[in-house]
Amino acid sequence: MRIDLPGGAYELREPVTWPASAAPAASRVVYAAAHVVADPLGDNTPGSPAAVDWEATLRFRRHLWSHGLRVADAMDTAQRNMGLDWAATRELIRLSAEEARAFGDPAALVACGAGTDHAPGAADLHTITAAYAEQVEAVQAAGAGVIVMASRQLARVAAGPADYHQVYGKVLGLADRPVILHWLGEMFDPQLAGYWGAPDVDAATESFLELVHAHAAVVDGVKVSLLDEEHEVRLRAALPEGVRLYTGDDFNYPSLIRSGSHALLGIFDAIAPAAAAALRELDAAETTSGEEAARHLARYDEILAPTVALSRKIFEAPTYHYKTGIVFLAWLNGHQDAFAMVNGAQSARSLRHLAEVFRLADRAGLLADQELAVRRMTALLAVNGL
């Protein structure tokens with residue numbers, strides 16, 4: 001099959017059929033950070049309240065669970081701080097946890113972000129703590145696990161590490177079960193520069209580790225999105241026993257997961273079938289030995305290697321616009337009827353960027369229905385005069 005793309009004609013590869021299995025990975029705990037599907041007839045112009053297609057949004061979460069992945073919801077992949085307002089976020093948390101009950105324990109299958117974005121003007125530590133508490137309560141009331149998200153408001157107000165420790169100490173005291181702490185780098189959100197009270201990463205890491213060690217009993221794990229493989233390996237080794245490192249490194253995830261990190265990744269929204277297949281190979285490698293284990297590890301690498309080029313394209317600078325590529329692939333693969341996003345974010349990437357995402361997704365075997373994908377890509381090109 002062939003399609004004319006910006007830059008020249010492209011011949012699609014032989015289609016790939018990924019094996020289906022709802023069994024979760026045994027050797028790693030793995031979350032896919034999921035996007036929301038915009039209502040194509042809603043007013044999702046920049047600055048408007050989010051209009052969400054709830055049925056399509058929940059259908060996509062069922063798709064992720066069907067591949068044995070857990071869902072990280074109401075996170076930056078769902079456009080928190082980039083169009084998904086608190087009213088829509090609260091409803092997403094409630095509906096996602098409710099939907100998870102058909103598959104098992106919501107607390108095991110879905111974890112949701114709790115932050116302070118509904119209080120953008122918060123100007124003191126007390127108000128920021130209260131904002132966190134409101135969102136933590138909403139997530140726990142829904143029955144989902146809690147991911148304590150980084151706060152733009154705290155980054156603006158905090159004078160140093162002690163202020164972070166004060167706020168997080170109180171928030172962690174509200175947890176009815178261990179939570180995940182999220183360290184989101186400034187490449188994902190420039191307003192989070194200097195998080196944990198220091199612009200220097202090593203000093204910030206020292207502050208972060210002090211907090212984690214002090215509250216290890218209520219910390220399930222830490223999700224780190226700094227796109228720095230060496231730093232993540234060092235941090236993982238320094239965590240208290242029993243606290244997981246969930247990689248958020250969408251550039252280096254194959255090697256980090258292979259070497260021992262768990263995962264909470266936006267790219268797994270787009271590559272779920274391949275990710276699940278690779279994780280089954282990793283499970284097999286860790287329960288066998290010798291040549292058989294080596295074969296499984298080679299297959300793990302073979303599956304994920306072409307997804308890295310795709311992920312690096314989707315997450316290229318400005319990295320925070322990666323959601324556009326994620327939603328674009330969901331549309332190409334028939335998970336939603338329109339290439340539309342809340343806050344009009346479908347316009348955040350160029351047509352040439354999207355054409356390259358199309359090519360790389362095909363090379364990774366991640367166009368589930370090539371005819372549909374070609375038809376939709378052709379229509380997008382035509383709308384843009386090509």
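### Notes on the overall build of the protein chain
- Of the regular secondary structure elements, the protein chain holds 15 helices and 10 strands.
- For the protein chain, whose C-alpha radius of gyration is 20 Å, the value lies close to the compact-globule estimate of 21 Å for 386 residues.
- When the backbone C-alpha atoms are referred to their principal axes, the protein chain occupies close to 60 × 55 × 40 Å.
- Here the protein chain, with 386 residues, has 58% of them falling under the buried criterion.
- When the accessible surface of the protein chain is summed, it comes to about 15000 Å², and 52% of that surface belongs to carbon and sulfur atoms.
- Across the protein chain, the 32 positively charged side chains and the 48 negatively charged ones have centroids separated by 3 Å.

### Topic: the pairing of strand 1 (residues 2-5)
- Of the two faces of strand 1, the one holding Ile 3 and Leu 5 is buried and the one holding Arg 2 and Asp 4 is not buried anywhere.
- Bridge analysis of strand 1 against strand 2 (residues 8-11) gives four bridges, and the strand direction is antiparallel. Bridge pairing in strand 2 places Leu 5 opposite Gly 8.
- In this structure, the hairpin formed by strand 1 and strand 2 is closed by a connection of two residues, where Gly 7 is found at a positive phi of approximately 100 degrees.

### Concerning the packing of helix 13 (residues 322-332) against helix 15 (residues 370-383)
- The N-to-C vectors of helix 13 and helix 15 enclose an angle of 120 degrees; their axes lie 8 Å apart at closest approach. The orientation of helix 13 relative to helix 15 falls into the category oblique. Together, Phe 328, Trp 331 and Leu 332 of helix 13 and Leu 372, Ala 373, Arg 376, Met 377 and Leu 380 of helix 15 make up the contact between the two elements.
- In the contact of helix 13 with helix 15, the residues fall into seven nonpolar, no polar and one charged.

### What to know about the environment of Ala 122
- Within the secondary structure layout, Ala 122 lies in the loop between strand 5 (110-114) and helix 4 (125-142).
- The buried category is assigned to Ala 122, whose relative accessible area is 4%.
- Spatially, the C-alpha atoms of Ala 122 and Asn 252 are 35 Å apart, while their sequence positions differ by 130 residues.
- Once residues within four sequence positions are removed from consideration, Ala 122 is found in contact with Thr 127, Ile 128, Gln 153, Arg 156 and Val 157.

### Structural notes on the side chain of Arg 61
- For Arg 61, the position within the fold is in helix 1 (residues 54-66).
- When its relative accessible area of 0% is taken as the criterion, Arg 61 is described as buried.
- A polar contact of 2.8 Å, which involves the side chain of Arg 61, links it to the backbone oxygen of Thr 57.
- Setting aside residues no more than four positions away along its own chain, Arg 61 makes contact with Ala 34, His 35, Val 36, Val 71, Asp 73, Leu 92 and Ser 96.

### A word on the pattern of salt bridges
- Enumeration over the complete set of coordinates arrives at 16 salt bridges.
- A salt bridge links Glu 286 to Arg 28, with the shortest nitrogen-to-oxygen separation between them at 3.0 Å. Here Arg 28 lies in the loop between strand 2 and strand 3 (30-33) and Glu 286 lies in helix 11 (residues 272-286), a separation of 258 residues in the sequence.
- Residue Glu 286 is classed as partly exposed on the basis of its relative accessible area, which comes to 43%.
- Here Arg 299 makes a salt bridge to Glu 302, at a shortest N to O gap of 3.3 Å.

### A word on the sheet that holds strand 5
- Strand order in this closed barrel of eight strands is 3-4-5-6-7-8-9-10, and the pairing throughout is parallel. Neighbour-to-neighbour, the strand axes of the sheet open up by a mean angle of 25 degrees, direction not taken into account.
- With two bridges connecting them, strand 9 (residues 244-247) and strand 10 (residues 262-265) associate as parallel partners. Pairing of Thr 247 across the sheet is with Ala 263, part of strand 10.

### Digging into the nonpolar core
- Residues Leu 181, Tyr 195, Phe 268 and Phe 358 are the most contacted members of the largest nonpolar core, which totals 127 residues.
- Aside from chain neighbours lying at most four places away, what touches Phe 268 is Val 30, Tyr 31, Ala 32, Leu 64, Leu 69, Tyr 253, Ile 257, Ala 263, Ala 275 and Leu 279.
- Counting residues in hydrophobic clusters, the runner-up holds 11 residues, among them Tyr 31, Met 75, Ala 111 and Ile 147.

### Looking at unusual backbone geometry
- Omega for the bond connecting Ala 317 with Pro 318 falls within 30 degrees of zero, at -10 degrees, which places this linkage in the cis form.
- Assignment of secondary structure puts Pro 318 in the loop between helix 12 (290-314) and helix 13.
- At Ala 74, a position not held by glycine, the phi torsion is positive, near 55 degrees.
- Here Ala 74 lies in the loop between strand 4 (70-73) and helix 2 (86-100).

### Notes on the packing of aromatic side chains
- Taken as a whole and assessed by the stated rule, the structure comprises 17 aromatic pairs.
- Consider the rings of Tyr 164 and Tyr 195, whose centres lie 4.8 Å apart with planes at 70 degrees: the pair is edge-to-face. Taken as a pair, Tyr 164 in helix 6 (residues 161-172) and Tyr 195 in the loop between strand 7 (179-184) and helix 7 (201-214) lie far apart in primary sequence, 31 residues in all.
- A network of ring pairs unites the aromatic residues Tyr 132, Tyr 164, Tyr 168, Trp 183, Tyr 195, Trp 196 and Phe 208 as a single cluster.

### Quick look at helix 12
- A rise of 1.5 Å per residue sets the reference length of helix 12, with its 25 residues, at 36 Å; its end C-alpha atoms lie 36 Å apart and thus fit the reference within 8%.
- Along helix 12, the largest kink reaches about 30 degrees and is centred on Leu 304; proline Pro 306 follows within four residues of it.
- In this structure, the buried residues of helix 12 make contact with helix 9 (253-259), helix 10 (267-270), helix 11, helix 13 and helix 14 (351-363).

Calculation notes
- Residues numbered from 1 in each chain as written.
- Predicted model: local features only at pLDDT ≥ 70, side-chain atom pairs only at ≥ 80, totals over all residues.
- Heavy atoms only, no water.
- Helix = DSSP H or I, 4+ residues; strand = E, 2+ residues; numbered from the N terminus.
- Rg over C-alpha atoms; globule rule 2.2 N^0.38 Å.
- Buried < 20%, exposed > 50% of the residue type's maximum accessible area, 1.4 Å probe, protein only.
- Areas by Shrake-Rupley, 256 points an atom, 1.4 Å probe, with all protein chains shown as cover.
- Lys, Arg positive; Asp, Glu negative; His and termini not counted.
- Charge placed at Lys NZ, Arg CZ, Asp CG, Glu CD.
- Pairing = 2+ DSSP bridges.
- Axes fitted to C-alpha atoms, helices over the stretch in contact; angles between N-to-C directions.
- Parallel < 35°, antiparallel > 145°, perpendicular 65-115°, else oblique.
- Contact = heavy atoms within 4.5 Å.
- Nonpolar A, V, L, I, M, F, W, Y, C, P; charged D, E, K, R; others polar.
- Polar contact = N/O pair within 3.5 Å; in protein donor to acceptor, adjacent residues only side chain to side chain.
- Salt bridge = Lys/Arg side-chain N within 4 Å of Asp/Glu carboxyl O.
- Core = buried A, V, L, I, M, F, W, Y, C linked by side-chain atoms within 4.5 Å.
- Phe/Tyr/Trp six-rings, centres within 6.5 Å; stacked < 30°, edge-to-face > 60°.
- Expected span 1.5 Å × (residues − 1).
- Bend = angle between axes of the 7 residues up to and from the residue.

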